[in-house]
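So you can see what is in the structure, the chains are spelled out below.
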Amino acid sequence: MAISRRKFLGSLGVAIGATTSGALSKAYGASNKHFKGHPDSFGVLHDTTKCIGCRKCEQACNEVNALDKPDRPFDDLEVLDQKRRTGESIYTVVNKFEGNNFAKKQCNHCQEPACASACFVKALTKDKSGAVVYDESLCVGCRYCMVACPFNVPAYTYNDPLTPKVTKCTMCLPRLKEGKLPGCVDICPKEALTFGKREDLLKIAWKRIYKRPEHYVDHVYGEHEMGGTNWLYISSVPFEQIGMREDLGVTPAPAMTAGALGTVPIVVGLWPVLLTGVYAISKRKEKIALQEKQVAVQDATDTATQKMNAQLKKLRETMTKEKEIAVLNEVKKALEEAAKEAQEAKAARSETADTDANAVDDTVDDAGNKEE
Amino acid sequence: MAQEQTIAQKQYLTPFNVVAGMIIIVGLVLTILRFTKGIGAVTNLDNNNPWGLWIGFDLLCGVSLAAGGYVTSSACYIFGLKKYHSAVRPAILTAFLGYALVVFALNYDVGRPWKLPYPIFYSQGTSSLLFEVGLCVFLYLTVLFVEFTPAAFEWLGFRKIRNWVLRLTLVLTIFGVVLSTLHQSSLGALFLIAPSKLHPLWYSGYLHVYFFISSMFAGMSMVIFEGTLAHRWLHDKMDDTHLAEANGVVLGFGKAASFIMMGYFGIKIIGIAVDNNWHYLTTGLGLWFFVELIVFVLFPAILYSVGSREKKTLLIRIAAVWTILGIILNRLNVSLIAFNWHLPSADRYFPSFMEIGTTIFIITLGVVAYKFVVTRMPILYEHPEYKEDH
Amino acid sequence: MEFFTLHDFMTYSKGITYLVMGAILIFMPLYWIYLTDRDD
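Presented here is an overview of the structure given in this document. Keep in mind the model is a prediction, meaning the values are calculated, not measured.

As for the overall build of chain B
From N to C terminus, chain B includes 15 helices and zero strands. Expected size for 390 residues packed as a compact globule is a radius of gyration near 21 Å; at 22 Å, chain B falls within 12% of this value. Here the C-alpha coordinates of chain B stretch approximately 65 × 55 × 45 Å along the principal axes. Among the 390 residues that make up chain B, the fraction classed as buried is 57%. Partitioning the contacts of chain B with sequence separation of at least 6, the portion at a separation of at least 24 is 80%. Carbon and sulfur atoms form 71% of the exposed surface of chain B, whose accessible area is close to 16,500 Å². Distance from the positive charge centre (26 side chains) to the negative charge centre (21 side chains) of chain B: 0 Å.

What to know about the overall build of chain C
Helix and strand counts for chain C come out as one helix and zero strands. With respect to the principal axes defined by its C-alpha atoms, chain C has extents near 55 × 10 × 10 Å. Burial status across chain C gives 30% buried among its 40 residues. Here chain C displays about 2,800 Å² of accessible surface, and carbon together with sulfur accounts for 69% of that area.

Looking at the interface of chain C and chain B
Interface extent is often summarised as the accessible area lost during association of the parts. The partner chain B presents seven residues to the eight residues of chain C that form the contact. Both faces combined, the contact of chain C with chain B buries some 710 Å², and carbon together with sulfur accounts for 74% of it. When the area that chain C buries against chain B is broken down by residue, the three leading residues are Thr11(C), Tyr18(C) and Leu25(C), summing to 65%. Across the contact surface, chain C and chain B share zero salt bridges. Counting every contact that joins chain C to chain B gives two residue pairs in polar contact (both at pLDDT 80 or more). Its residues assigned to classes, the side of chain C that touches chain B shows four nonpolar, three polar and one charged.

Re the interface of chain A and chain B
Contacts between the two partners involve 57 residues from chain A and, on the opposite side, 61 residues from chain B. Carbon and sulfur atoms supply 61% of the area buried between chain A and chain B, which totals about 4,900 Å² over both sides. Put simply, chain A and chain B have three salt bridges between them. On inspection of chain A and its partner chain B, the count reaches 33 residue pairs in polar contact (both at pLDDT 80 or more). The greatest single-element share of the side of chain A that touches chain B, amounting to 17 residues, is contributed by helix α8 (residues 253-371) of chain A.

As for unusual backbone geometry
Even without being glycine, Arg55(A) reaches a positive phi, approximately 65°. Relative to the elements of secondary structure, Arg55(A) occurs in the loop between β1 (42-47) and α2 (56-64). In this structure Arg55(A) comes out as buried when scored by relative accessible area, which is 3%. Of note in the backbone geometry, Asn276(B) takes a positive phi value of approximately 50° without being a glycine. Its place among the elements puts Asn276(B) in the loop between α12 (240-275) and α13 (284-309).

Quick look at a negative patch on the surface
On the surface, Glu330(A), Glu336(A), Glu337(A), Glu341(A) and Glu344(A) cluster together into a patch of negative charge. As for its placement among the helices and strands, Glu336(A) is situated in helix α8.

Structural notes on the sheet that holds strand β9 (residues 231-234) of chain A
All names here are of chain A. Pairing is mixed across the open sheet formed by three strands, whose spatial order is β8-β1-β9. In this open sheet, the two edge strands, each paired with only one partner strand, are β8 (193-197) and β9. Sheet twist, expressed as the average angle between the axes of neighbouring strands with direction ignored, equals 25°. Bridge count for β1 against β9 is four bridges, and the pairing is parallel. Bridge pairing in β9 places Leu45 opposite Leu232.

Notes on the packing of aromatic side chains
Inspection of every chain in the model, using the stated rule, returns 30 aromatic pairs over all chains. Considering the side-chain rings of Tyr156(A) and Tyr158(A), the 5.4 Å spacing of their centres and the 70° angle between planes classify their relative orientation as edge-to-face. For Tyr156(A), a relative accessible area of 0% gives the class buried. Overall, Tyr158(A) belongs to the buried group, its relative accessible area being 4%. Measuring from centroid to centroid gives 5.3 Å for Phe217(B) and Tyr264(B), while their planes differ by 70°, and the two rings are edge-to-face. With Phe217(B) in helix α11 (residues 207-233) and Tyr264(B) in helix α12, this residue pair connects regions lying 47 residues apart in the sequence. Accessibility classification places Phe217(B) together with Tyr264(B) in one group, the buried group.

A short note on the packing of helix α6 (residues 85-109) of chain B against α12(B)
All names here are of chain B. For the pair α6 and α12, interaxial distance at closest approach is 8 Å and the crossing angle is 85°. Regarding the angle of α6 to α12, the classification is roughly perpendicular. Contact residues: α6 offers His85, Ser86, Ala87 and Pro90, while α12 offers Thr241, His242, Glu245 and Val249.

Conventions we followed
Residues numbered from 1 in each chain as written. Chains lettered and ligands numbered in written order. Predicted model: local features only at pLDDT ≥ 70, side-chain atom pairs only at ≥ 80, totals over all residues. Heavy atoms only, no water. Helix = DSSP H or I, 4+ residues; strand = E, 2+ residues; numbered from the N terminus. Rg over C-alpha atoms; globule rule 2.2 N^0.38 Å. Buried < 20%, exposed > 50% of the residue type's maximum accessible area, 1.4 Å probe, protein only. Contact = heavy atoms within 4.5 Å. Areas by Shrake-Rupley, 256 points an atom, 1.4 Å probe, with all protein chains shown as cover. Lys, Arg positive; Asp, Glu negative; His and termini not counted. Charge placed at Lys NZ, Arg CZ, Asp CG, Glu CD. Buried area = accessible area lost by both parts, 1.4 Å probe. Salt bridge = Lys/Arg side-chain N within 4 Å of Asp/Glu carboxyl O. Polar contact = N/O pair within 3.5 Å; in protein donor to acceptor, adjacent residues only side chain to side chain. Nonpolar A, V, L, I, M, F, W, Y, C, P; charged D, E, K, R; others polar. Patch = residues over 30% accessible without salt bridge, like charges linked within 9 Å, V, L, I, M, F, W, Y side chains within 5 Å. Pairing = 2+ DSSP bridges. Axes fitted to C-alpha atoms, helices over the stretch in contact; angles between N-to-C directions. Phe/Tyr/Trp six-rings, centres within 6.5 Å; stacked < 30°, edge-to-face > 60°. Parallel < 35°, antiparallel > 145°, perpendicular 65-115°, else oblique.

Okay, here's the thing in structure tokens:
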């Protein structure tokens, strides 16, 4: 069912025409947005039941992308005994599983790529062709895309000191632009890989399952996983058994971070309001406390002054009283003394008359003694 | 003359300087290796484990342990707890150095460090939480630098510009809290994009809330711990105000940390209940989760409470160290230990000696820078000429 | 603007939101100053 080149070119033309004319229908309303991915984007359907593990796709990928030659040649099928993942110069690997099942692994070109959502410099983007493309010139090398990728696909050239980069399948976008098929699809001898529009591939996949329900598991891997991928898989055994995780869920990567990202602007919007409010309250409390303190001090001072004044008054009163008493006493005393003196003087006057003669004699004697 | 030289030599050859010097020499060798042979030559990172110790410890732990800056400055300037004033400058300095070293360490980890300004100035990947982290760390580093400058200006004697910067204190503090809230939480939210890789007990829709709340008590514990070290080694640099307020800071932060940790414990349990992850608790990693939550959150919270009730600062200081270890454990669990938990053990990551060496080198740079600043600028004491105004 | 993926939509809308956030951070302190400059 591989799409012929002419058919492919025709559909590419339609896709480009549709984009340029802008005649695309609006797929979502104003709110509760739902995104269906780029219309007419391409993908690859991998029918794992047809894969024989010949490693031709690995070789073609290596040549098309001009990657380093591996240590062991591509026709060495013993390599398949080990579980491998994509690496610095390996964009795709085929792994062998129990029951002689094979599955090819490469970038799944998610409809909502986790890597692109994680990239903080837009080095990874979802092209309208369906390919997830990487721009080395922007990449800082934080490797968050590798953390984010649920399929563990991107690799990093850790040993390059100056120009390390992320490496992964490009869906052969340069070849697509030349009107060629991706290298792996082109070479596959068993038609295990089908290139085409994703929407068409989904129909093909389900038709195969519908026609041979005993042969296929009733699931198209990639239809909904992580919001859908442009590479789709059908298998005869549960996907878990051919190394594909079935616990990834259907939530697209950007939706998983949307909640946390959504709180960011609200924090910016409300934190200054709340914090300034708290500041104003604490400032006001401080002011009130200061005023209360001043009032308290004033009160204390007033009471103290009053008390002191009262005391002073009392003291003054007491003092005045005492003074008056003292004065009275003094006056009394003085009067008494005066009276006494007057009495004494009276008595003395009567005495003086008797003793005057004696007094003269005494004085003479005294003078005579002094001369001796 | 000869005597003076020997004295000078003696001062340079202190045990601290010798050890620090040796670590820095090793660090420089590792730096040369990193930038000539590539990341692959010095680290155990591989395609399954793109983030290692340099992100798990240097970035995640570095940022959360530098949270003391926003916690202390907001307590003092926004919530009006003036008794923490003497703790603000050391906390700001630690935060500034912490963030500066986080950015410095990132230069080792990313592939092309000279492009680090790209996300901010050239090509903004606004859908990424890492963009949010990068922008906030860049802005917050700037804020912390400005908040730190008054100490440097006092040291240099630039009174006018110092007073001008001080007038921005409130705005800078609020900016600091906004930016810290955002990037502390976003560091946790980085892992929201990888539910298939992080163990369900650690993966939660509340991951960003957990990171933010735990950064608060991480910051407080760091302030207490750093104060303990400073008291031991830099006692002579402290003025009476600092010494008098130090115990109050320890008791107050211990009490606050204890309460926040209890709240954190509660929301961690809520996280398990919301996602119905109870059955994981009986597995091996479930036990490990218990260790993190009970031994390194609940226990230090109780230790803090006893310390602050009994007014025993020694207990609080022990609880602070314990809490810091718990924060480190939590960040390493999220980024390394519980990350890629489904991978076979052969594909798991363990840091190389050179990675650990580089991390130790960067921590040493921080300690040396702290010592350099504290012994010269008015951090642990108030500049006598500027005492009257605050 | 036509968006086909949630990722493109978020990149665009968050870009605008970041500009709004920057404006808010500048405007709010100025508004606070205007609001309180007649307080004693």
